[in-house]
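Read off the chains here:
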Amino acid sequence: VYEEKNRGIDNDYWQWYELAYAELFKNHTYGTQTTIGTIEHLKHPSLLAIRKYYETYYVPNNMVVVMAGDFNPDEAIKLIDKHLGTLVPKPVPPYNYLPEVPFHANIEKTIYGPMEEFTGLFYRMPGAATKDTRMMKLLTSVLNRLLTLNLNQKQLVLNTEAGFDGLKDYSVLYIAGYAREGQDLDEVRNLILNQINIIKR
């Protein structure tokens, strides 16, 4: 796991992603802690904390078993019962967080690393159960089509793409733009914003 963290540190895209989430979520664990943890966590793990977390959250009412492929359902149920049948359900503590404060201005950050230059935009959205999230999924699809047709295929940039993380409490729309050789990142960002303005109009 520690080596996986080291690989992430060397990956500009992953650093960009973690930095953006830290800026978007000052109160929620989406931004206050990373999935894999900090270097300090990984160097000095607390076995007591690991055991407590496991006993609290690794309970059958907080799990999902997913199976796919050509298998015998009766045999699969026997295996699940054999390996997971002794787990006892118990209440899982609810996750409480302070709501995020609305943004009143853009926040700009820079990271440095070994990869090619790129720029990105992140937008914090409501959580997955809202109508806004369904609309944002549609918007992301339309936006990707515009980016492909108007920027990528016309070779105005090296590449652009949009994505959407539909998370439970909040969601995130993100757009990445990669510059051609010698191209300024401000130009790439403005080209992306122009595509967003097309949708607005």
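Up top you'll find the structure we're talking about.
Okay, so let's go over this structure.

## Side note on the pattern of salt bridges
Then step 1. All chains considered together, the criterion is met by six salt bridges.
Then step 2. K5 is the partner of E18 in a salt bridge, and the nearest nitrogen-oxygen pair spans 3.9 Å. Here E18, found in helix α2 (residues 12-24), pairs with K5, found in helix α1 (residues 2-9); they are 13 residues apart in sequence, far enough to count as distant. No difference in accessibility class separates E18 from K5, as the two residues are buried.
Then step 3. As a salt-bridge pair, E75 and K78 come within 3.7 Å of each other at their nearest N and O atoms.

## Remarks on the pairing of strand β3 (residues 170-178)
Then step 1. Counting buried residues in β3 gives nine out of nine residues, a clear majority hidden from the surface.
Then step 2. Neither face of β3 is exposed, since Y170, V172, Y174, A176 and Y178 on one face and S171, L173, I175 and G177 on the opposite face are all buried.
Then step 3. Relative to β3, strand β1 (residues 118-126) runs antiparallel, the two being bridged by nine bridges. Residue T119 lies in a different strand from β3, and its bridge partner there is G177.
Then step 4. Bridge count for strand β2 (residues 159-166) against β3 is eight bridges, and the pairing is antiparallel. Opposite N159, over in β3, you have Y178 as the bridge partner.
Then step 5. Following β2, the chain reverses through three residues before pairing antiparallel with β3.

## A short note on the sheet that holds β1
Then step 1. Reading across from one edge, β1-β3-β2 is the order of the three strands in this open sheet, with antiparallel pairing throughout. What marks the edges here is a single partner per strand, and that holds for β1 and β2. Strand-to-strand twist in this sheet, taken as the mean axis angle between neighbours without regard to direction, amounts to 15°.
Then step 2. Strands β1, β2 and β3 of the sheet are contacted by α2, whose axis makes an angle of about 35° with β1.
Then step 3. Each of β1, β2 and β3 touches helix α7 (residues 131-152); the most contacted strand, β2, lies at about 175° to it.

## What to know about the packing of α7 against helix α8 (residues 185-200)
Then step 1. Viewed as axis vectors pointing N to C, α7 and α8 meet at an angle of 125°, and their least axial separation amounts to 10 Å. Taken together, the axes of α7 and α8 lie oblique to each other. As α7 packs across α8, the resulting crossing turns out to be right-handed. Residues L139, V142, L143, L146, L147, N150 and L151 of α7 lie in contact with α8, whose contacting residues are L191, I192, Q195, I196, I198 and I199.
Then step 2. Split into classes, the residues belonging to the contact of α7 with α8 amount to 11 nonpolar, two polar and no charged.

## Overview of helix α6 (residues 73-84)
Then step 1. In a regular helix each residue adds 1.5 Å, so 12 residues correspond to 16 Å; α6 covers 16 Å between its end C-alpha atoms and thus fits that length.
Then step 2. The element α6 is largely exposed, with a buried count of one among its 12 residues.

## Overview of the side chain of D12
Then step 1. Along the chain, the position of D12 falls in helix α2.
Then step 2. In this structure the side chain of D12 is engaged in a polar contact, spanning 2.8 Å, whose partner is the backbone nitrogen of M115.
Then step 3. Filtering out sequence-adjacent residues up to four positions away, D12 remains in contact with I111, Y112, G113, P114, M115 and F118.

How each quantity is defined
Residues numbered from 1 in each chain as written. Predicted model: local features only at pLDDT ≥ 70, side-chain atom pairs only at ≥ 80, totals over all residues. Heavy atoms only, no water. Salt bridge = Lys/Arg side-chain N within 4 Å of Asp/Glu carboxyl O. Helix = DSSP H or I, 4+ residues; strand = E, 2+ residues; numbered from the N terminus. Buried < 20%, exposed > 50% of the residue type's maximum accessible area, 1.4 Å probe, protein only. Pairing = 2+ DSSP bridges. Axes fitted to C-alpha atoms, helices over the stretch in contact; angles between N-to-C directions. Contact = heavy atoms within 4.5 Å. Parallel < 35°, antiparallel > 145°, perpendicular 65-115°, else oblique. Left-handed = near helix turned anticlockwise from the far one by under 90°. Nonpolar A, V, L, I, M, F, W, Y, C, P; charged D, E, K, R; others polar. Expected span 1.5 Å × (residues − 1). Polar contact = N/O pair within 3.5 Å; in protein donor to acceptor, adjacent residues only side chain to side chain.

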